[in-house]
Amino acid sequence: MTYQNHDGAIGVFDSGVGGLSVLRAIRNELPDERLIYLADSGHAPYGDRDADFILDRANRITEHFLASGVKAIVVACNTASVVAIEKIRSWCPVPVVAMEPAIKPASQSTRTGVVGVLATTRTLSSANVARLCEAYGKRVRILLRPCPGLVEQVEHGELYSAATRRLLTGYLSPLLTAGADTIVLGCTHYPFLGELIGEIAGTDVAIVDSGAAVAKQVLRRLEGSRVSTCNVPALEPTFFSSAEPDQARSVISTLWGKSVEVHSLALTHQG
Ligand code: DGL
């Protein structure tokens, strides 16, 4: 039996600002829940770190959320999800919702029978992705494309720069040449590059991510512990970041679409 404090917030975290794409979907699905977002940008990208480091960050952030009285946690990071989710769920007393690349829906909707998956190297080399490819790759070709450098571009707010376009063109071209008509964004930073990806891939290519599905999963896990929905205006999330404060405020405000306050939070080892 999990403990749920009905008045608690939902804690959402990512290695950086990418999870804001998931936060937006959660806010659309649950406009009257209190949301706390923690961008661990001071330690991004997680994709280049070893598993112990990622697990340590995920544990620390989870402990911090629990100390704040959250009623659920969303790991809005595919990389942290594949590394840490089972271990966190083994001790965390509130529901923990994780990311999974949208390989299943993509493999069911492709018309050409070729699906491209963009994500970090660590996510794509995980047992979770191997299991998804095994389950849904029998009649569909699933092409996995690691994308080093893209997380950094989003962390720097470079959503439309020439360097970002160059990187994306290099990653997408082989997939498009192979006939992919569906591109899965298996990293929560990538939806912020959706416009540029659409421009490069063309209008015949579908771009899918897991944000809305995860928001629905949060709703399901909270059934019975929802706060009242008495026509209150949508609440603004509370934002925390482990990055340098000015940079954090600037990027989070840009990606969230309005100027927001961002609190500093390092969560480093004491002594
Ligand atoms: N947003 C994270 C993900 O979904 C990025 C991981 C990273 O920092 O490398 O995987």
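Everything quoted here is computed from the prediction, not taken from an experiment.

Engineer: Explain the pattern of salt bridges to me, please; I cannot follow it from the model alone.
Structural biologist: For side chains bearing opposite charge, pairing can occur when the charged atoms are close. Counted under the stated rule, the structure contains 11 salt bridges. Between Glu29 and Lys216 there is a salt bridge, with the nearest N and O atoms lying 3.3 Å from each other. Placement of the pair is Glu29 in helix α1 (residues 20-29) and Lys216 in helix α10 (residues 211-222), with a sequence separation of 187 residues. Residue Glu29 is classed as partly exposed on the basis of its relative accessible area of 27%. Assessed through its relative accessible area of 42%, Lys216 is described here as partly exposed. Close ionic contact of Asp40 with Arg57 constitutes a salt bridge, the shortest N to O distance being 2.8 Å. Pair noted here: Asp40 is in the loop between β2 (35-39) and α2 (51-67) and Arg57 is in helix α2, with a separation of 17 residues, a long-range link. Ionic contacts of the salt-bridge type, sharing partners, join the residues Arg27, Glu236 and Lys258 into one network.

Engineer: Explain the packing of aromatic side chains here, please?
Structural biologist: Scanning the entire structure with this criterion turns up three aromatic pairs. Arranged with centres 5.6 Å apart and planes meeting at 70 degrees, the rings of Phe239 and Trp256 form a pair that is edge-to-face. A residue pair is termed long-range when its members are at least 10 positions apart, and Phe239 in strand β9 (residues 238-241) and Trp256 in helix α11 (residues 245-256) qualify at 17 residues. Each member of the aromatic cluster is reached from another via a ring pair, and the members are Tyr37, Phe239 and Trp256. One cation-aromatic arrangement involves Arg24 over Trp256; the distance from NZ or CZ to the ring centre is 4.3 Å. Seen from the ring of Phe53, Arg49 lies directly overhead, with NZ or CZ sitting 4.3 Å from the centre.

So, how was this worked out
Residues numbered from 1 in each chain as written. Predicted model: local features only at pLDDT ≥ 70, side-chain atom pairs only at ≥ 80, totals over all residues. Heavy atoms only, no water. Salt bridge = Lys/Arg side-chain N within 4 Å of Asp/Glu carboxyl O. Helix = DSSP H or I, 4+ residues; strand = E, 2+ residues; numbered from the N terminus. Buried < 20%, exposed > 50% of the residue type's maximum accessible area, 1.4 Å probe, protein only. Phe/Tyr/Trp six-rings, centres within 6.5 Å; stacked < 30°, edge-to-face > 60°. Lys NZ or Arg CZ within 6 Å of the ring centre and 35° of its normal.

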